[in-house]
Amino acid sequence: MDDIIWMGNQPSVKELAKEVGIEKSYPFSKLKDLISSAIKAKRKVHFNPPYRYDNMMLLEELTGIKAAVTKEYASIELINAIVSLRSTKEACEIEEIDKACNIGYEMHTTAMRLCKPGVVEQYIAGVLDGIASSYGCMVSFPTILTQNGQTLHNHYHGNILDKGRMMLTDAGAERVSNYCSDHTRTVPVGGKFDSRQKDVYNIVLACHDKALELAKPGVTYMSVHLEVCKVLAQGLKEIGLMKGNVEEAVAAGAHALFLPHGLGHMMGLDVHDMEDLGQIHVGYDDKVRPSTQFGLSALRMGRELQEGFVITDEPGCYFIPALIDNWRGDKMHTDFLCYDKIEKFKEFGGIRIEDDILITPNGSRFTGEKRIPLTVSEIEDIMSI
Ligand code: GLY
Ligand code: MN
């Protein structure tokens, strides 16, 4: 009665279970007995790596494995089964992702229109949260919206936008079904890129397009990442920030001064889909193993692509003053990096462009009905309205 008084009539657990397709239920109160008898019979108890403390404590109670080490006893067989089930999306899942992306389109085009000198970042970030909320959704992760885009996951929204800077917005919607979108756009405050911003933007765009061109079934995302890095290094060489042989520069990891993260990750029921199961099981396989090289080691998704995967294509180019000072001080990659010129970009910020793509039989396609303005002219056009 108390629940009805405070919350109104609520569906029972049984009704909720039926809604998600669970036909046979088992009382939670008997779970401990069930697990105990399985353990006594020497059966293996399979569970996912827990990441919530309450689940760690529950698992300790059920299995006797101390909460601090439950993760180490997670079932690799179960993880692999879930990864194989969730990596390839069915039509109904793609439909949900497309719908989340349509909301993402509205969030990003609204951010572009609001991006004017004098506006506080927080105001725009709040409007984006409100758009997701108005569709009965949440944001798919805390919105990144900042004129200091050189900080990869910048959740500080307290700056007043200045003319001459760029605003990086990395944001998405998560539907009630939990399917997500995740896009990034970087736009000039006030609506017009200056020539230096345009140069760097077009290099990142060429990286983004290279990934789209190469991504298809049978190709590893590690190889796509490395090709994209070569496009970045070539572009930076053309504007005088890098020098020397591009292939050698990328092999040495010199470009990672500007791109210290990976090209993308799996997307789906979670924005970094299945990351909680362990990235090694989600983004790598027997053929493609993670690298320890700075930058490449941050690649979440390296494995061979298959039709039905939904992944992000999110290259960037960042000028991180502390990292520049650190590398310069250590004389890192002086054969490939033009530090005197790079020094002049310390106030530039950072650019990232991100789209969610579905791997199709012969290539890939954007998810969502409409592509968020992407080119310099498309962005300047929408910002002039
Ligand atoms: N969009 C945030 C991230 O991929 O980390
Ligand atoms: Mn992302």
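Going by the structure above, here's the rest.
Since the structure is predicted, the reported quantities are computational estimates derived from the model, not experimental observations. (Residues numbered from 1 in each chain as written. Chains lettered and ligands numbered in written order. Predicted model: local features only at pLDDT ≥ 70, side-chain atom pairs only at ≥ 80, totals over all residues. Heavy atoms only, no water.)

Is there a simple way to explain empty space enclosed by the protein in this structure?
Unoccupied space between atoms shows up once a probe the size of one water molecule is rolled over them. Scanning the model with the defined rule gives 2 cavities of 30 Å³ or more in all. The greatest single-element share of the lining of the largest cavity, amounting to 3 residues, is contributed by helix 6 (residues 91–114). For the lining of the largest cavity, a count of residues per class yields 4 nonpolar, 4 polar and 4 charged. Reported here for the second largest cavity is a volume of approximately 40 Å³. Contributing to the lining of the second largest cavity are H108, A111, M112, M167, T169, R185 and V187. Secondary-structure elements contributing two or more residues to the lining of the second largest cavity are helix 6, strand 3 (166–171) and strand 5 (183–188). Per-element tally for the lining of the second largest cavity: the top contributor is helix 6, with 3 residues. Its residues assigned to classes, the lining of the second largest cavity shows 4 nonpolar, 2 polar and 1 charged. (1 Å grid on protein atoms, 1.4 Å probe; cavity = no way out; pocket = protein on both sides within 12 Å on 5 of 7 lines; lining within 4 Å. Points joined across faces, edges and corners; volume = space filled by probe spheres on them. Helix = DSSP H or I, 4+ residues; strand = E, 2+ residues; numbered from the N terminus. Nonpolar A, V, L, I, M, F, W, Y, C, P; charged D, E, K, R; others polar.)

What is the right way to look at the coordination of the manganese ion (ligand 2) in this model?
Ideal values for angles at a metal depend on the geometry: 109.5 degrees with four tetrahedral donors, 90 or 180 degrees with six octahedral donors. Around the manganese ion (ligand 2), the protein contributes the donor atoms D182 (OD), H265 (NE2), E314 (OE) and E354 (OE), which lie 2.1 to 2.3 Å from the metal centre. In primary-sequence terms, the residues that donate to the manganese ion (ligand 2) follow D-x82-H-x48-E-x39-E. Here H265 is found in the loop between helix 10 (246–252) and helix 11 (279–283), whereas its partner E354 is found in the loop between strand 8 (350–352) and strand 9 (355–359), with 89 residues between them in sequence. The pair formed by H265 and E354 is uniform in burial state, with each residue classed as buried. (Donors = N, O, S within 2.8 Å, 3.2 Å for Na, K, Ca; no water. Buried < 20%, exposed > 50% of the residue type's maximum accessible area, 1.4 Å probe, protein only.)

Explanation requested: the packing of aromatic side chains in the structure shown.
Centre-to-centre distance and the angle between the planes together describe a pair of aromatic rings. Counted by the stated rule, this structure contains 6 aromatic pairs. Measuring from centroid to centroid gives 5.6 Å for F258 and F319, while their planes differ by 65 degrees, and the two rings are edge-to-face. Within this pair, whereas F258 is found in the loop between helix 10 and helix 11, its partner F319 is found in the loop between strand 7 (316–318) and helix 12 (321–329), the two being separated by 61 residues in sequence. For the pair shown, F258 and F319 are each scored as buried. Aromatic side chains F319 and F348 sit 5.2 Å apart centroid to centroid with 65 degrees between the ring planes, which places their arrangement in the edge-to-face category. (Phe/Tyr/Trp six-rings, centres within 6.5 Å; stacked < 30°, edge-to-face > 60°.)

Looking at this structure, how should I read the environment of K66?
Among the structural elements, K66 can be located in the loop between helix 4 (53–63) and helix 5 (76–87). Considered as a pair, K66 and M56 are 10 residues apart in the sequence and their alpha carbons are 8.2 Å apart.

Would you mind going over the layout of surface pockets with me for this structure?
Within this model, the largest pocket holds a volume of roughly 540 Å³. Along the wall of the largest pocket there are 19 residues; nearest its centre are F47, N48, P50, N55 and L59. Breaking the lining of the largest pocket down by element, the ones donating at least two residues are helix 3 (31–40), helix 4 and helix 5. Taken together, the residues of the lining of the largest pocket break down into 12 nonpolar, 4 polar and 3 charged. Residue composition of the lining of the second largest pocket, grouped by class: 7 nonpolar, 6 polar and 7 charged.

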